[in-house]
Amino acid sequence: MEATGARGNGREIGTSVVYFPVDGQFSILHGISVKTNSLNTNLLLGAAFAGLSLSQASAATVYNESSDGDLSGPFGSPTDLTSTFGNFLSDSGVIGSISTGTRGSDLANYFYVQMTPNVAASIPYSFSGDSDDGGMIFEYVTVYAHTSGAFLVDGSSSGYMSGSSVSDTLNFITPSDGLVRFAVSQETSNATMNYTIGTVPETGTAVLSLVGLAAAVLRRRRQQG
Ligand SMILES: [Ca+2]
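Within any chain, residue numbers begin from 1 and follow the written order of that chain's sequence. Under the rules for a predicted model, residues below a pLDDT of 70 receive no local features and side-chain atom pairs below 80 are neither given nor counted, while totals for whole chains, interfaces and linings still include all residues.

What about the overall build of the chain?
In DSSP terms, a helix is any run of H or I states spanning at least four residues, a strand is any run of E spanning at least two, and both are numbered starting from the N terminus. On a plain count of helices and strands, the chain comes out with four helices and 13 strands. Around each residue's C-beta, the other C-beta atoms within 10 Å are counted; 20 or more make the residue buried, 12 or fewer make it exposed, and counts in between make it partly exposed. All C-beta atoms are placed from the backbone. Counting only residues that meet the buried cut, the chain has 31% of its 225 residues in that class. The contact criterion used here is simple: two residues whose C-beta atoms, placed from the backbone, lie within 7 Å are in contact. Residue pairs in contact within the chain that sit at least 24 positions apart in sequence constitute 79% of those at least 6 positions apart.

Now the structure itself:
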């Protein structure tokens, strides 16, 4: 989906953007329609497509176990993701799962990443899962300084649930070499636990951004008019 002249540069809006022969009504993404027959419609569409291009350009880097491989189980040999992300503090995240008992033998996941040294990090995480114990699931994300093994978050940032989900944020100061190890584990008999660590875009984010930007521009045009 490209609009000639507007790709990746929103500053061109209002100077040279005319892409579509619009008279009357143009439908955006099967639901949102913009009704006008003035040049404004072209400006709106230009803004929308420029926004989409910018969104794609800054898309998050995500390691997904389902397509990129199961993360390491032994604590002493975590998966090295330093080249996957470059800097995990940027838009990036991990999607994975652990399972135990009747659900599998993937008891824990360990990986380490590179971050900017000596900065305050705030990393979101979430768990969702199911259990056939009919009771509680305890899950943990523990954060270590990879090189020294020192605790950065001691695993207390955990929750419990049965068939629901929890989310929280891991707040810590990155170590002097920036290498940070994450440990994901759980304490239950029979459960599969899906988790995310870091920034993981939700399905449809780009579409929502596109529609939202177009709507915002339209509102502003109306206010100015
Ligand atoms: Ca796994």
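Having seen the structure, we can now continue with the description.
Regarding the pairing of strand β5 (residues 92–100)
In terms of burial, β5 is a largely internal element, seven of the nine residues being buried. What makes two strands pair is DSSP finding at least two bridges between them. The pairing of β5 with strand β13 (residues 191–198) spans eight bridges and is antiparallel. The residue bridging Ser-99 from the neighbouring strand is Thr-192, located in β13.

Details of the sheet that holds β13
Strand order in this open sheet of five strands is β3-β5-β13-β7-β11, and the pairing throughout is mixed. The open sheet has two free edges, formed respectively by β3 (61–64) and β11 (165–173), since each of these has just one partner strand. For this sheet, the mean angle separating the axes of adjacent strands, direction not counted, is 20°. Here nine bridges tie strand β7 (residues 120–131) to β11, and the two strands are oriented antiparallel to one another. Angles here are taken between N-to-C directions and fall from 0 to 180 degrees, while the axes themselves are lines fitted to C-alpha atoms, restricted in helices to the stretch in contact.

Details of the nonpolar core
A set of buried residues qualifies as a nonpolar core if it consists of Ala, Val, Leu, Ile, Met, Phe, Trp, Tyr and Cys joined through C-beta atoms within 7 Å. Ranked by internal contacts, the top residues of the largest apolar core, which has 30 residues, are Phe-111, Val-113, Val-143, Val-180, Phe-182 and Ile-197. Those elements that place two or more of their residues in this core are β5, β6 (108–114), β7, β8 (137–145), β12 (179–187) and β13. Once residues lying within four places of it in the same chain are set aside, the contact partners of Phe-111 are Leu-71, Ser-72, Pro-78, Thr-79, Leu-81, Val-94 and Phe-182.

Observations concerning the pairing of β12
Direction of pairing for β6 relative to β12: antiparallel, over a ladder of seven bridges. In the sheet register, Tyr-112 faces β12, and the bridge partner there is Arg-181.

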